[in-house]
Amino acid sequence: MKILFVGGGTLGHIYPSFSVIDIIKQNGGTVYFVAGKRENEINAIKNNKQIDECYFIDVIGFKRKISLHNFLAVKKYFYAKKYCIKLLKEIKPDVVVGMGGYVSGPVLKAAIKLKIKTIIHEQNYVYGLVNKVLKNKVEKVLLSYNIDLKEGSNKILVGNPRCSEYYKKYYFYAEKKKSSRNVVLVIGGSLGASKINNYFLDNFNKFKEQKNEIILITGKKYYYENEEKIASVGYPYSVIPFVNNIYDYMIDAKLVVSRSGATTMSEIFGLKKVAIFIPSPNVSGNHQYKNAKYYYDKKCCELVLEEEINSKLFKVINELLIDNKLRKQIENNISKNVIFDSADKFYKVIESLCGDENG
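A brief report on the enclosed structure follows. (Residues numbered from 1 in each chain as written. Predicted model: local features only at pLDDT ≥ 70, side-chain atom pairs only at ≥ 80, totals over all residues. Heavy atoms only, no water.)

**Quick look at unusual backbone geometry**
Most of the time, phi is negative for any residue but glycine, and the peptide bond is trans.
Point 1. Between Tyr235 and the following residue, Pro236, the backbone shows a cis peptide bond with an omega angle of 10°.
Point 2. With respect to the element layout, Pro236 can be found in the loop between helix 10 (227–231) and strand 10 (237–240).
Point 3. For Lys115, which is not a glycine, the phi torsion comes out positive at approximately 60°.
Point 4. For Lys115, a relative accessible area of 74% translates into the label exposed.
Point 5. Residues other than glycine seldom take positive phi values, yet Asp148 does so here, at roughly 60°.
Point 6. Along the chain, Asp148 falls in the loop between strand 6 (140–143) and strand 7 (155–157).
Point 7. Residue Asp148 is classed as partly exposed on the basis of its relative accessible area of 25%. (Helix = DSSP H or I, 4+ residues; strand = E, 2+ residues; numbered from the N terminus. Buried < 20%, exposed > 50% of the residue type's maximum accessible area, 1.4 Å probe, protein only.)

So, in structure tokens, the structure goes:
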């Protein structure tokens, strides 16, 4: 079994593949990965020792309005596609798996041209641009959300493999480590979220009066631009620019306040943590709001809009910390509505296509 993954632009298009790659390797498969040339993508893939060979191509995304930038994007796309056709002919993978992001475009198009079996995985509630264009041209579309499912179609609901990874590795340890401390973990993504950061720093005294322990991960850029402001707060706050081992902090948290990117949400749900999601309004297709609203409607989390932070967030935080019955209801709803064996489901689809290929 030779499987080639492609994804990038953000680590959210890379990390969900890793638990699937683990299963492929356990079953004797060979894994290749194609990504873009951003430093974080290169580091994440090169640090994964389960990947046998990795390749990095120079592509950029298209802007959604007429721009000279798009001429360069087209040029890079066709150059990358030509390179990918040559690469795929050399590797001869059984299946090419697109995890999303613009880097997936030329690789998947090359695979389709060469009649190699293809899969795409959509992490969000709405399709990204590449997945939207290719969803009817690939063999299988694997979905994280119960959307666009039609009888007899090529769509399959598998969930997000990042969730199953966190559940298997950390959930039971997190349960054993549960304490009565009111630890609130606040994360706004790798780049940070200034409105969330400002709210928690400006309301230090309010949270201190409630004896809430706040762990605020600000993002590197915000942290170093606001060191003086950050230095003015002390215990019970811990303010950190960035962490690689986010699971250690999630395990200790009684409550998580976060943006609603697909990967972060799947990590939180994998630990069955009670969470408040504050969607970023500055993302394509408003997908963060739709991600969070899907689970909010199923009573798996709380949802606070960015414009509601000042009027609503403090009250919701304290309610979730104090009301144990409500917390238990949310945890039970997570158990009922989240897919915890996503990586296994994902692997079975890959395996079935390899079986078709082998006759």
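Resuming the write-up.
**Some details on the sheet that holds strand 10**
Point 1. As summarised here, the arrangement of the 6 strands in space is 10-9-8-11-12-13, forming an open sheet in which the pairing is parallel. The open sheet has two edge strands with one neighbour each: strand 10 and strand 13 (302–303).
Point 2. Where strand 8 (residues 183–187) and strand 11 (residues 255–258) come together, 4 bridges link them in parallel fashion. Counterpart to Val184 in the pairing with strand 11 is Leu255. (Pairing = 2+ DSSP bridges.)

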